[in-house]
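One letter stands for each residue in the lines below.
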Amino acid sequence: MGVLTLVVSAPLMFGGTRTILISFDGFRHDYVGRLPDGVFKSMFSTGCRAQSLIPVNPTKTFPNHWSLATGLYPEHHGILDNRFYDRALVDTFAMSSTESAWWLGEPVWNTAERRGVMAYTYYWPGSNVAVQGMHPTRWFPYSGSRKYADRIDSVIAWSAMPQPPGLIVTYFELLDDAGHRHGPQSAQVDTALITAEALIARLVQGLRAHDVLDSVNIVIVSDHGMTATEPPSPDQHRVQSALFGDSSLVVLVSHTNVFVYGLQPDQADAVAERVNADAALKIRATPSKRLDSSWHINHAARVPDLYAEALFGSTIDTGKRPLPQHAGGNHGYHNSNVDMHGIFVATGPDIKPGLLPSFSVVDVYNVICSLLRIEPALNDGNPEIARRVVRH
Ligand SMILES: [Zn+2]
């Protein structure tokens with residue numbers, strides 16, 4: 001029956017239903033229970049839902065969005081954190097870095113286009129980068145000022161085109177912002193959840209109004225969760241100045257973790273010992289060579305010599321700038337903390353309803369490829385997940 005519908009209603013070049021992939025940055029897995037009654041919340045009971053979506057370490061926005069897009073662990077896709085250093089490029093990655101040398105792997109929009117499925121993106125970390133020398137057919141440079149409703153309205157308009165793209169990707173940051181500023185338990189997160197419900201309701205209503213809802217699969221994910229944080233202790237000013245103050249080191253601090261480069265192998269052990277003995281710093285340092293198998297950041301040019309992480313719920317403050325936008329909550333802690341887990345929910349004609357055990361962000365790439373009926377590129381995901389989510 002599904003095939004008949006496709007033939008009649010969708011003159012798509014790839015001959016399948018189209019897929020919309022949406023990320024709500026920082027949507028913690030248990031926020032679902034706080035969504036107001038409505039279209040979004042009901043997707044979790046009528047669609048296919050994971051208990052939670054497990055982020056890669058460190059549980060930050062850029063590595064996780066790039067793992068979602070490519071199905072690869074950071075050591076294979078190259079985006080180890082929101083900030084990191086590359087010994088070969090002799091340069092530091094920042095979230096604004098759009099030079100293609102940083103971005104490894106094949107994002108799903110490239111896989112789609114290489115297989116003849118048109119892809120449009122409206123924000124997603126990396127969607128504004130010419131990865132493998134190509135962009136999706138349509139993409140935008142990121143601007144946080146674009147209204148959320150405008151993004152949804154574009155997705156609706158694109159879905160209703162006579163020759164719609166087979167894959168549409170978009171991204172919303174409102175839950176991450178509210179969680180950072182006010183904490184995950186805040187009224188502001190509840191307000192953001194009401195907005196998220198309104199956006200998804202607007203999408204579904206718009207697709208229905210254009211009579212395309214039945215030929216669209218909607219997959220909604222998040223990159224990580226959020227946990228409440230205590231104010232940084234005054235002692236944490238010493239993290240950089242007293243312990244990593246050597247000018248020959250490259251030290252990158254991003255709220256919950258520190259990447260340290262330029263240490264000799266024996267030095268890394270000594271510095272870790274010193275840091276870990278100083279309880280007031282509230283961080284735990286590990287030479288990267290001793291990180292356990294839950295870590296996948298062993299990219300030769302980019303792995304730090306030493307990785308230090310704030311104790312769960314504490315924030316590293318170098319004293320250089322106040323962090324009002326990070327006063328209430330944070331993420332970046334190890335993914336064994338369930339507060340770091342995000343969401344996966346999917347609905348549509350090709351989705352098998354049901355509740356699945358938690359799976360990884362690297363498993364989502366195969367799901368999208370399966371929905372598009374295209375061969376995935378080599379990736380780190382478990383192909384079994386796609387078989388459990390997708391009907392065909
Ligand atoms: Zn964030």
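Residues numbered from 1 in each chain as written. Predicted model: local features only at pLDDT ≥ 70, side-chain atom pairs only at ≥ 80, totals over all residues.

### What about the domain arrangement of the protein?
Link 1 in the chain: One can read the domain layout of the protein as domain 1 (7–228 + 335–389) and domain 2 (236–326).
Link 2 in the chain: The C-alpha-based centres of domain 1 and domain 2 are spaced at 30 Å.
Link 3 in the chain: Listed per partner, the contact involves 24 residues of domain 1 and 18 residues of domain 2.
Link 4 in the chain: Contributing elements (two or more residues each) for the side of domain 1 that touches domain 2: helix H4 (74–77), strand E4 (84–86), helix H7 (174–182) and strand E9 (227–228). (Domains from an automatic or database assignment. Contact = placed C-beta atoms within 7 Å. Helix = DSSP H or I, 4+ residues; strand = E, 2+ residues; numbered from the N terminus.)

### Comments concerning unusual backbone geometry
Note on backbone geometry: most residues besides glycine have negative phi, and most peptide bonds are trans.
Link 1 in the chain: The omega angle of the peptide bond from asparagine 57 to proline 58 is -15 degrees, so this bond is cis rather than trans.
Link 2 in the chain: You can see proline 58 is positioned in the loop between strand E3 (53–54) and helix H3 (61–70).
Link 3 in the chain: The residue lysine 282 is not glycine, and still its phi comes out positive at about 55 degrees.
Link 4 in the chain: Along the chain, lysine 282 turns up in the loop between helix H10 (265–277) and strand E12 (283–287).
Link 5 in the chain: You will see that arginine 373, though not glycine, has its phi angle at about 55 degrees, which is positive.
Link 6 in the chain: Tracing the backbone shows arginine 373 in the loop between helix H11 (364–371) and helix H12 (383–389).

### As for H3
Link 1 in the chain: The element H3 is largely enclosed, with a buried count of ten among its ten residues.
Link 2 in the chain: Among all positions in H3, only Thr61, Phe62, Pro63, Asn64, His65, Trp66, Ser67, Leu68, Ala69 and Thr70 are buried.
Link 3 in the chain: Here the buried face of H3 lies against strand E1 (18–24), H4, helix H5 (108–114), strand E8 (216–221) and H11.
Link 4 in the chain: Glycine 71 lies just past H3 and shows a positive phi near 75 degrees. (Buried ≥ 20, exposed ≤ 12 C-beta atoms within 10 Å, placed from the backbone.)

### Some remarks on helix H8 (residues 187–209)
Link 1 in the chain: For H8, with 23 residues, the first-to-last C-alpha span of 33 Å sits near the 33 Å given by 1.5 Å per residue.
Link 2 in the chain: Summarising the contacts, the buried residues of H8 are in contact with E1, helix H2 (39–46), helix H6 (148–159), strand E7 (167–172), H7 and E8.
Link 3 in the chain: Immediately beyond the C-terminal end of H8, within one or two residues, lies aspartate 211, with a positive phi of roughly 60 degrees. (Expected span 1.5 Å × (residues − 1).)

### Some details on the packing of H2 against H8
Link 1 in the chain: Their axes nearest at 7 Å, the elements H2 and H8 cross at an angle of 80 degrees. Considering their axes alone, H2 and H8 lie roughly perpendicular with respect to each other. Two secondary-structure elements touch here, H2 through Val39, Phe40 and Lys41 and H8 through Ala196, Glu197, Ile200, Ala201 and Val204.
Link 2 in the chain: Its residues assigned to classes, the contact of H2 with H8 shows six nonpolar, no polar and two charged. (Axes fitted to C-alpha atoms, helices over the stretch in contact; angles between N-to-C directions. Parallel < 35°, antiparallel > 145°, perpendicular 65-115°, else oblique. Nonpolar A, V, L, I, M, F, W, Y, C, P; charged D, E, K, R; others polar.)

### Regarding the environment of glutamate 384
Link 1 in the chain: Relative to the helices and strands, glutamate 384 is located in helix H12.
Link 2 in the chain: Along the chain, glutamate 384 and aspartate 363 lie 21 residues apart, while their C-alpha atoms are 8.8 Å from each other.

### Description of the sheet that holds strand E11 (residues 257–261)
Link 1 in the chain: The strand order across the open sheet formed by four strands is E10-E11-E13-E12, and the pairing between neighbours is antiparallel. In this open sheet, the two strands that pair with only one neighbour each are strand E10 (250–253) and E12. Averaged over neighbouring strand pairs, the angle between their axes works out to 15 degrees when direction is ignored.
Link 2 in the chain: Two elements, E12 and strand E13 (residues 306–310), share five bridges in a ladder whose sense is antiparallel. (Pairing = 2+ DSSP bridges.)

### Things to note about the pairing of strand E15 (residues 344–347)
Link 1 in the chain: Burial along E15 is two-sided: Phe344 and Ala346 and Val345 and Thr347, pointing in opposite directions, are all buried.
Link 2 in the chain: As paired strands, strand E2 (residues 48–50) and E15 are joined by two bridges and run antiparallel to one another. Bridge pairing in E15 links arginine 49 to valine 345.
Link 3 in the chain: By the bridge criterion, four bridges tie E8 to E15 in an arrangement that is antiparallel. Within E15, the residue paired with valine 219 across the bridge is alanine 346.

### Considerations on the environment of valine 219
Link 1 in the chain: Secondary-structure assignment places valine 219 in strand E8.
Link 2 in the chain: On the neighbour-count criterion, valine 219 (24 C-beta atoms within 10 Å) is buried.
Link 3 in the chain: Expressed as a C-alpha distance, the spacing of valine 219 and valine 169, which sit 50 residues apart in the sequence, is 9.6 Å.
Link 4 in the chain: For valine 219, the contacting residues outside a window of four places in its chain are Thr19, Leu21, Ala346, Val367 and Ile368.

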